[in-house]
Amino acid sequence: MDIAIFNKVLFFWFIFYITPGPVWLAVMAATAKKNYHQILVFFSIFLTVNLIVQFPQAFFSVVFIDTVIRLFGEIGFIFYFLGGGYIFYLAIQTLKSHQTESSIQLSFSNLSLIMLLSPKIWILFPSGALIANQLNLGLLTNAGVYALAMFIISSVMFFFYVMIGKIGQIILKNNFSYLIFLLLSGFSLFLLFEGIRSIL
C-alpha cells in the first residue's frame, strides 16, 4: 500500500468532516441539551446509520466511480432540492425544540434521510474515491480501506461536534437553537440555489 496515498485519503476525510454540513449541525442541535448517557445512546444510532448508509456510499463510490459521477451529473439537482427541503424542515424542528425547551429528536430514519439526501456526500465522496483508487490494493480492498477510514474518522468527529454544541449551548444559552436554525436555513437556501443553477 502506498502510505502517501493512504495519508491523502485520511486527509480527505478529515477535511470533509471538519467542515460542518447538515449532519453535524443536526448532531449539535440534537445533543446540546442531552446528558452523557443520552449522548452515548444517540451515538449508537449514529454508528448504526453510518454503517448502514454512509459506509456503502463510500464503498460503492470507489467501485462505481465513473457511474456515480455520470449519474450525479444527470440527476444531481434532485438531491439539491430534496436535501434543501429536508434540511429546512430540520431547521424548523430546531426552532420548535427551542420553544418547547427540549432537544431536537433525531431518530434512525431522520439521520438516514439527512445522509441520503446530502448533496455534500454525493458530490464529494466520488472525489475522495478517485484518490482511494490510487492505493493499488485491488478494487474491493481500495473501497474497503476508503469506507473504513470514513467510518473511523466520522465516529471520532461525532464527539468533536458534540463538544462544539455543548460549548455553543453554554456561551449562547437560550440563543443556541436560533444559531442552528439560521445555519441550517442558510445551508438549505444554498442547496436550493445550487439546484436552480444546475438546471439553468
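Our structure's up above, just so we're on the same page.
What this report covers is the structure whose coordinates are included nearby.

Let us look at the nonpolar core. One finds Trp 13, Tyr 17, Phe 125, Tyr 146 and Phe 158 to be the most contacted residues of the largest nonpolar core, which totals 52 residues. Residue assignment for this core shows that the elements contributing at least two residues are helix H1 (3-18), helix H2 (22-31), helix H3 (36-63), helix H4 (65-99), helix H5 (108-116), helix H6 (119-132), helix H7 (139-172) and helix H8 (176-199). The dominant element in this core, judged by the number of residues it contributes, is H7, at twelve residues. Dropping the residues within four chain positions of it, Tyr 146 is found in contact with Val 9, Phe 12, Trp 13, Ala 58, Ser 61, Val 62, Leu 124, Phe 125, Gly 128, Ala 129 and Ala 132.

On to the packing of aromatic side chains, then. Here the structure, examined in full by the defined rule, presents 15 aromatic pairs. Seen in terms of ring centroids, Tyr 17 and Trp 24 are 5.8 Å apart; in terms of plane orientation they differ by 75°. Their pairing is edge-to-face. Among the residues examined, Tyr 17 registers a relative accessible area of 3% and is labelled buried. Through a chain of ring-to-ring contacts, the aromatic side chains of Phe 12, Trp 13, Tyr 17, Trp 24, Phe 42, Phe 43, Phe 46, Tyr 146, Phe 158, Phe 159, Phe 160 and Tyr 161 assemble into a single cluster.

The subject of this paragraph is H2. Where burial is concerned, most of H2 is hidden: ten out of the ten residues are buried. Turning to H2, its buried residues number three or more, namely Pro 22, Val 23, Trp 24, Leu 25, Ala 26, Val 27, Met 28, Ala 29, Ala 30 and Thr 31.

This part is about empty space enclosed by the protein. In the structure shown here, the tally under the stated rule is two cavities of 30 Å³ or more. Its boundaries defined by the atoms lining it, the largest cavity holds a volume of some 80 Å³. Together, Phe 16, Tyr 17, Gly 21, Pro 22, Val 23, Trp 24, Gln 54, Ser 118, Lys 120 and Ile 121 line the largest cavity. Broken down by element, the residue count for the lining of the largest cavity peaks at three residues, all from H2.

This brings us to the side chain of Ser 154. The topology assignment puts Ser 154 in helix H7. A relative accessible area of 0% places Ser 154 in the buried class. Polar side-chain contacts of Ser 154 include one of 2.6 Å to the side chain of Asn 50.

All right, on to unusual backbone geometry then. Positive phi is not limited to glycine here, since Asn 136 has a value of about 60°. As for its position among the elements, Asn 136 is in the loop between H6 and H7.

Packing of H2 against H3 leaves a shortest axis separation of 11 Å and a crossing angle of 155°. With respect to H3, the element H2 is oriented roughly antiparallel. Crossing of H2 against H3: the hand is right-handed. Contacts between H2 and H3 pair Val 23, Trp 24, Val 27, Ala 30 and Thr 31 from the former with Ile 39, Phe 42 and Phe 46 from the latter. Here the contact of H2 with H3 is composed, by residue class, of seven nonpolar, one polar and no charged.

Cut-offs and rules
Residues numbered from 1 in each chain as written. Predicted model: local features only at pLDDT ≥ 70, side-chain atom pairs only at ≥ 80, totals over all residues. Heavy atoms only, no water. Core = buried A, V, L, I, M, F, W, Y, C linked by side-chain atoms within 4.5 Å. Buried < 20%, exposed > 50% of the residue type's maximum accessible area, 1.4 Å probe, protein only. Helix = DSSP H or I, 4+ residues; strand = E, 2+ residues; numbered from the N terminus. Contact = heavy atoms within 4.5 Å. Phe/Tyr/Trp six-rings, centres within 6.5 Å; stacked < 30°, edge-to-face > 60°. 1 Å grid on protein atoms, 1.4 Å probe; cavity = no way out; pocket = protein on both sides within 12 Å on 5 of 7 lines; lining within 4 Å. Points joined across faces, edges and corners; volume = space filled by probe spheres on them. Polar contact = N/O pair within 3.5 Å; in protein donor to acceptor, adjacent residues only side chain to side chain. Axes fitted to C-alpha atoms, helices over the stretch in contact; angles between N-to-C directions. Parallel < 35°, antiparallel > 145°, perpendicular 65-115°, else oblique. Left-handed = near helix turned anticlockwise from the far one by under 90°. Nonpolar A, V, L, I, M, F, W, Y, C, P; charged D, E, K, R; others polar.

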